[in-house]
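Below are the chains, spelled out letter by letter.
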Amino acid sequence: GAGVSQSPSNKVTEKGKDVELRCDPISGHTALYWYRQSLGQGLEFLIYFQGNSAPDKSGLPSDRFSAERTGGSVSTLTIQRTQQEDSAVYLCASSIVGAGNTDTQYFGPGTRLTVL
Amino acid sequence: TQLLEQSPQFLSIQEGENLTVYCNSSSVFSSLQWYRQEPGEGPVLLVTVVTGGEVKKLKRLTFQFGDARKDSSLHITAAQPGDTGLYLCAGQPITGNQFYFGTGTSLTVIP
């Protein structure tokens, strides 16, 4: 596709359930980022993948959060035993090189997660 | 801990007015980026500044990186309704992979 896509666009779940959020980056982009955004606020870094290097997981808020990137392309963010404070928009971005100070991150439209 | 603070948080102005948004930190960044985000969409990059004191212009938008590379400003001249959106600054530290995003400035330009 032409841009970063994310699915689902909206997800409503019950407290305690697990959810999986998917990100399809732009083809050929080696770097992939996950962020979380609360309503009208800035973005909170979660995790970063670059090529075959070990991911930078320093932003994951708890061990209920995990992410993987298969084949250097599609990424899945998994939240186990969801809590109401997990409700937010989860954004994915990809860039062509990664870890460079002039890299352009291209963002997907996000997945709005609501935990009841 | 919020690494980048933006001000003001909310701004509502009339079409044609000028405005400035500030992005401040006590940390030094190797680069700083400005994004605009519209409802239901991801942020879109407007500009990247990398040199202390650097000024970049994009039509009616002027971006400046502080001399010490700790702060930045975005100035919009003759604002238009199409400028409405959430403006975010993001800094990349000297080391590390993260981009630290600011708290955001929600701009509304009234026709």
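Note that residues are indexed from 1 along each chain, following the sequence as it is written. Ligands are numbered from 1 and chains lettered from A, in the order in which they are written. Two thresholds apply to this predicted model, a pLDDT of at least 70 for residue-level local features and 80 or more for giving and counting side-chain atom pairs, whereas whole-chain, interface and lining totals are computed over all residues. For side-chain calculations, the full set of non-hydrogen atoms in the structure is used, while hydrogens and water are omitted.

Asks: Mind showing me how you'd approach the state of the cysteines here?
Replies: Should the sulfur atoms of two cysteines be covalently bonded, the bond is a disulfide. For this text, the term disulfide refers to a pair of cysteine sulfurs within 2.5 Å. The final tally for this structure, using the stated rule, is two disulfides over all chains. The disulfide bridge from Cys23(A) ends at Cys92(A), spanning 1.9 Å between sulfur atoms. Disulfide Cys23(A) to Cys92(A): torsion about the S-S bond roughly -60°, handedness left-handed. Separated by 69 residues along the polypeptide, Cys23(A) in strand β3 (residues 19-24) and Cys92(A) in strand β8 (residues 88-95) bring together distant segments of the chain. We note that Cys23(A), like Cys92(A), is buried. In this model Cys23(B) forms its disulfide with Cys89(B); the gap between the sulfur atoms is 2.1 Å. Here the disulfide of Cys23(B) and Cys89(B) is right-handed, its torsion about the S-S bond being about 75°. Of the two residues, Cys23(B) sits in strand β3 (residues 19-24) while Cys89(B) sits in strand β9 (residues 85-93), which places them 66 residues apart along the sequence. Residues Cys23(B) and Cys89(B) agree in their burial class; the two are buried. Runs of E in the DSSP output that reach at least two residues are strands. Runs of H or I that reach at least four are helices, and both are numbered from the N terminus. Note on exposure labels: buried denotes an accessible area under 20% of the residue type's maximum, exposed denotes more than 50%, and partly exposed covers the range between, all computed with a 1.4 Å probe on protein chains only.

Asks: Which parts of the structure should I look at to understand the pairing of strand β5 (residues 44-49) of chain B?
Replies: Along any regular strand, the residues point their side chains to alternate faces of the sheet. At least two bridges found by DSSP between two strands is the condition for calling them paired. As defined by bridge partners, strand β4 (residues 29-37) of chain B adjoins β5(B) across five bridges and the pair is classed as antiparallel. Bridge pairing in β5(B) links Arg36(B) to Val44(B).

Asks: Whenever I open this one, the side chain of Gln6(A) confuses me. Can you help?
Replies: Residue and element names in this part refer to chain A. For Gln6, the location among the structural elements is in strand β1 (residues 5-7). There is a polar contact of 2.9 Å between the side chain of Gln6 and the backbone oxygen of Tyr90. There is a polar contact of 3.0 Å between the side chain of Gln6 and the backbone nitrogen of Gly110. What Gln6 contacts, discounting residues up to four positions off in sequence, is Arg22, Cys23, Trp34, Tyr90, Leu91, Cys92, Gly108, Pro109, Gly110 and Thr111. Distance and chemistry together define a polar contact, namely a pair of N or O atoms within 3.5 Å, with one atom able to donate a hydrogen and the other to accept it when in protein, and with adjacent residues in sequence counting only for side-chain atoms on both sides. Throughout, a contact is declared for two residues whenever any of their heavy atoms are within 4.5 Å.

Asks: When you look at the side chain of Ser25(B) in this model, what are you seeing that I'm missing?
Replies: Residues and elements named next belong to chain B. Here Ser25 is to be found in the loop between β3 and β4. A polar side-chain atom of Ser25 sits 2.9 Å from the main-chain carbonyl oxygen of Leu3. At 2.9 Å, the side chain of Ser25 and the backbone nitrogen of Ser27 are in polar contact.

Asks: Is there a simple way to think about unusual backbone geometry in this case?
Replies: Only a minority of non-glycine residues have a phi that is not negative, and only a minority of peptide bonds are not trans. Cis geometry is adopted by the peptide bond preceding Pro8(A), which originates at Ser7(A) and carries an omega value of -10°. Relative to the helices and strands, Pro8(A) resides in the loop between β1 and β2 (10-13). The omega angle of the peptide bond from Ser7(B) to Pro8(B) is -10°, so this bond is cis rather than trans. Summarising the element assignment, Pro8(B) is placed in the loop between β1 (5-7) and β2 (10-14). We note that Arg81(A) has phi near 50°; this positive angle belongs to a residue other than glycine.

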